Amino acid sequence: MTCNIPTMLTWLRILLIPVFVGVFYLPTDPQAFGAIPAHWVNVTATLIFAVAAFTDWLDGYLARRLNQTSAFGAFLDPVADKLMVAAALIVLVEFERVGAMIALIIIGREIAISALREWMAGEGQSGSVGVAMIGKIKTAVQMVAILFLLYWDKVGAFPTKTVGQILIAIAAFLTLLSMAYYLQAALPKLKRK
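Residues numbered from 1 in each chain as written. Predicted model: local features only at pLDDT ≥ 70, side-chain atom pairs only at ≥ 80, totals over all residues. Heavy atoms only, no water.

Focus: the overall build of the protein
In step 1: Helices and strands together make up the secondary structure of the protein, namely six helices and zero strands.
In step 2: Written out in order from the N terminus, the α and β elements of the protein read α-α-α-α-α-α.
In step 3: In terms of its C-alpha atoms, the protein occupies a principal-axis envelope of roughly 65 × 35 × 25 Å.
In step 4: In the protein, which comprises 193 residues, the share counted as buried stands at 38%.
In step 5: Sequence separation of 24 or more characterises 73% of the internal contacts of the protein that already satisfy a separation of 6 or more.
In step 6: Counting every atom, the protein has about 10,700 Å² of accessible surface; 70% of that belongs to carbon and sulfur.
In step 7: Charged side chains of the protein number 15 positive and 11 negative; the gap between the two group centres comes to 11 Å. (Helix = DSSP H or I, 4+ residues; strand = E, 2+ residues; numbered from the N terminus. Buried < 20%, exposed > 50% of the residue type's maximum accessible area, 1.4 Å probe, protein only. Contact = heavy atoms within 4.5 Å. Areas by Shrake-Rupley, 256 points an atom, 1.4 Å probe, with all protein chains shown as cover. Lys, Arg positive; Asp, Glu negative; His and termini not counted. Charge placed at Lys NZ, Arg CZ, Asp CG, Glu CD.)

This is the structure we're talking about:
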């Protein structure tokens, strides 16, 4: 296992998951001892998720820049991303900010495509299901949507909640499109099996 700066940032992202989830369970009832205003719970969770999203970009950048890529880092990075997104979506479903069907589409796609990539790598065909532009766009829309849905409160006249819900629906649609793209790329190999 390689221990370098990018891998340490990936581990940080994984360690932030229980902190991120735990923030939502802090007492917000004004009658409770040590209660925190709900707005500050939203702000804190949004900041933690934003830091995690930034470390996702930063660890990839540093791995390339410092020539510190490793097979373990390449394995761990997408696992950390998927765990963080899944944790955020599950919390958002529990707090009724995202529909369960949208969360199921996004999480289910991540599991299916990860399994497909693993299988294709075992067949020596990992390049045919590499990250495509549609996947990058889906990820960007999804991350922005999650940030808005975590924050939830309006920013001036900007309807954060409404925009977040529209963006997460778009992300779910792009999720299905990207899954179709990856399955089509793997289809020749699947047909031969």
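Focus on the nonpolar core
In step 1: Counting 30 residues, the largest nonpolar core has Phe20, Phe49, Ile146 and Ile168 as its most contacted members.
In step 2: Secondary-structure elements contributing two or more residues to this core are α1 (5-23), α2 (38-65), α3 (71-94), α4 (100-122), α5 (133-151) and α6 (160-192).
In step 3: Considering each element in turn, this core owes the most residues, seven residues, to α3.
In step 4: Excluding its chain neighbours within four sequence positions, the residues that come into contact with Ile168 are Leu89, Ile102, Ile106, Gln142, Ala145, Ile146 and Leu149.
In step 5: Formed by six residues, the second largest nonpolar core is a distinct cluster that contains Leu116, Met120, Ala132 and Tyr182. (Core = buried A, V, L, I, M, F, W, Y, C linked by side-chain atoms within 4.5 Å.)

A short note on a nonpolar patch on the surface
In step 1: Taken together, Phe54, Trp57 and Tyr61 make up a surface patch of nonpolar side chains, about 340 Å² in accessible area.
In step 2: If you trace the backbone, Tyr61 turns up in helix α2.
In step 3: Tyr61 gets classed as partly exposed once you look at its relative accessible area, which sits at 35%. (Patch = residues over 30% accessible without salt bridge, like charges linked within 9 Å, V, L, I, M, F, W, Y side chains within 5 Å. Salt bridge = Lys/Arg side-chain N within 4 Å of Asp/Glu carboxyl O.)

Considerations on the environment of Ile113
In step 1: Inspection of the secondary structure puts Ile113 in helix α4.
In step 2: Each residue touching Ile113, except ones within four places of it in the same chain, is listed here: Met179 and Tyr182.

Note that all results are geometric; they support no functional claim without further evidence.
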